[in-house]
Protein chains: 2
Amino acid sequence: MIINHKEYVFKLHNQTYHCAMDVTMSYIGGKWKTVLLWYLRNQTRRFGELKKQIPDITEKMLSLQLKALEEDGLVKREVYAEVPLRVEYSLTDFGKTLVPVIEAIAAWGRNLGETEGKLVEK
Amino acid sequence: MIINHKEYVFKLHNQTYHCAMDVTMSYIGGKWKTVLLWYLRNQTRRFGELKKQIPDITEKMLSLQLKALEEDGLVKREVYAEVPLRVEYSLTDFGKTLVPVIEAIAAWGRNLGETEGKLVEK
DNA sequence: CAGGATCCTGCAAGATACTG
DNA sequence: CAGTATCTTGCAGGATCCTG
């Protein structure tokens, strides 16, 4: 890697990062962001749809994390003036650049589950 | 993805994961693990060496995270009976399977720093 | 040199209730 | 349907001092 502590730092999010890992993790870190990005990776989804896919997330966290992803420019939020209200979330072009990373993370976890036999039916 | 909430779960770390993302993140999540894995990705390093590369980490966190990585089977710890004490950390074969993931995460962050011009000299 | 022991704190995340 | 508003909590992470 060209970049290390001694020569460069990253200025992002009004913060200073010393390592490229930290930069990426500031976008996808935390408990929920990778999961959300996973479900948005190849399709537009509605709020309730995401909630249904991720039963353990609270509405508060779903709302909060989607907002954070939107502020980071990864996710696009579109509101349709219908009744009942319809709001759709999808990846921006910028967000799509993260898909290979997301896929790599998912693939490793999936592979571990399969090879280690830790994957069990519900 | 073959795996989703409806059909399968992962049993790991004495816990249940609903999503492959969570499995991987349980190994590399948190503030320090990706950084440590980054510095260990292609070479053996000593405790003090890691501390020097990552000035912001406290000795406690360095010790704690290395121990966690060791317990997860990603990192190997070797003690040499010398004075002064020498302890070397390196990736296990299992840990090395994570390198592509680590590289992908680093590459994305590095690329963002470069294209966005957020990369500045110290 | 490579840590362990303690004490402490902030904030990510949860619970619950309510609303345009 | 798609959220907000409060209140609460747990634990990741920090600060500091000590040691084989």
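Residues numbered from 1 in each chain as written. Chains lettered and ligands numbered in written order. Predicted model: local features only at pLDDT ≥ 70, side-chain atom pairs only at ≥ 80, totals over all residues. Heavy atoms only, no water.

Asks: Outline the protein's contact with DNA strand D, listing residues and values.
Replies: Of all residues adjacent to DNA strand D, which total 18 residues, the nearest are Arg46, Arg77 and Tyr89 of chain A together with Lys31 and Lys60 of chain B. Taking the atoms of DNA strand D that fall within 4 Å of the protein, sugar and phosphate contribute 65% of them. In the environment of DNA strand D, a phosphate oxygen lies 2.9 Å from a nitrogen or oxygen atom belonging to the side chain of Lys67 of chain A. Residue Arg77 of chain A places a side-chain N or O atom 2.4 Å away from a phosphate oxygen belonging to DNA strand D. Mapped by element, the contributors of at least two residues to the surface near DNA strand D are α3 (47-53), α4 (59-71) and β5 (86-91) of chain A together with α4 (59-71) of chain B. Split into classes, the residues belonging to the surface near DNA strand D amount to 7 nonpolar, 3 polar and 8 charged. (Near = heavy atom within 4 Å. Polar contact = N/O pair within 3.5 Å; in protein donor to acceptor, adjacent residues only side chain to side chain. Helix = DSSP H or I, 4+ residues; strand = E, 2+ residues; numbered from the N terminus. Nonpolar A, V, L, I, M, F, W, Y, C, P; charged D, E, K, R; others polar.)

Asks: Provide a residue-level description of the pairing of strand β5 (residues 86-91) of chain B, including the pertinent values.
Replies: Residue and element names in this part refer to chain B. With 6 of 6 residues buried, β5 is to be regarded as a mostly interior element. A two-sided burial pattern is seen for β5, the buried positions comprising Arg86, Glu88 and Ser90 on one face and Val87, Tyr89 and Leu91 on the other. Relative to β5, strand β3 (residues 45-46) runs antiparallel, the two being bridged by 2 bridges. Bridge pairing links Arg45 to Tyr89 in β5. Bridge count between strand β4 (residues 75-80) and β5: 6 bridges; the pairing is antiparallel. Following the sheet pairing, Val79 is matched in β5 by Val87. A loop of 5 residues connects β4 with β5, the two strands running antiparallel in sequence. (Buried < 20%, exposed > 50% of the residue type's maximum accessible area, 1.4 Å probe, protein only. Pairing = 2+ DSSP bridges.)

Asks: Before we move on, can you summarise the pattern of salt bridges with the specific residues and values?
Replies: What the rule picks out here adds up to 10 salt bridges over all chains. A salt bridge links Glu82 of chain B to Arg86 of chain B; the shortest N-O distance between them is 2.8 Å. Arg86 of chain B is paired through a salt bridge with Glu88 of chain B; the nearest N and O atoms lie 2.8 Å apart. Linked by salt bridges that have partners in common, Glu82, Arg86 and Glu88 of chain A make up one network. (Salt bridge = Lys/Arg side-chain N within 4 Å of Asp/Glu carboxyl O.)

Asks: Hey, could you go over the packing of aromatic side chains for me, with residue numbers and the actual values?
Replies: All names here are of chain B. As enumerated under the stated definition, the model contains 6 aromatic pairs over all chains in all. Between the aromatic rings of Tyr27 and Phe94, the centroid separation amounts to 6.0 Å while the plane-to-plane angle is 85°, which identifies the pairing as edge-to-face. Of this pair, Tyr27 sits in helix α1 (residues 20-28) while Phe94 sits in helix α5 (residues 93-96), placing them 67 residues apart in sequence. Owing to a relative accessible area of 27%, Phe94 belongs among the partly exposed residues under this scheme. In this structure, Arg41 packs its charged tip against the face of Trp38, placed 3.6 Å from the ring centre. Seen from the ring of Tyr80, Arg86 lies directly overhead, with NZ or CZ sitting 4.1 Å from the centre. (Phe/Tyr/Trp six-rings, centres within 6.5 Å; stacked < 30°, edge-to-face > 60°. Lys NZ or Arg CZ within 6 Å of the ring centre and 35° of its normal.)

Asks: Can you explain unusual backbone geometry? Please cite residues and give values.
Replies: Geometrically, the link from Val83 of chain A to Pro84 of chain A is a cis peptide bond, its omega value of 0° lying close to zero. Considering the arrangement of structural elements, one finds Pro84 of chain A in the loop between β4 (75-80) and β5.

Asks: Break down the sheet that holds β4 of chain A for me, with residues and values.
Replies: The strand order across the open sheet built from 3 strands is β3-β5-β4 (chain A), with neighbouring strands paired in antiparallel fashion. Across the chains shown, the open sheet's two edge strands, defined by having one partner strand only, are β3 (45-46) and β4 of chain A.

Asks: Report on the sheet that holds β4 of chain B, specifying residues and quantitative values.
Replies: Ordered in space as β3-β5-β4 (chain B), the 3 strands form an open sheet in which the pairing is antiparallel. Unpaired on one side and paired on the other, β3 and β4 of chain B mark the two borders of the sheet.

Asks: Kindly report on the protein's contact with DNA strand C, identifying the contributing residues and their values.
Replies: Near DNA strand C, the surroundings consist of 18 residues, among which Lys31 and Lys60 of chain A together with Lys67, Arg77 and Tyr89 of chain B are the closest. In DNA strand C, atoms within 4 Å of the protein come 66% from sugar and phosphate. Between DNA strand C and Trp32 of chain A there is a distance of 3.1 Å, counted from a phosphate oxygen to a side-chain nitrogen or oxygen. Take Arg46 of chain B: an N or O atom from its side chain is 2.7 Å from a phosphate oxygen of DNA strand C. By residue number, the principal contributor to the surface near DNA strand C is α4 of chain B, which donates 4 residues. Of the residues belonging to the surface near DNA strand C, the class tally is 7 nonpolar, 4 polar and 7 charged.

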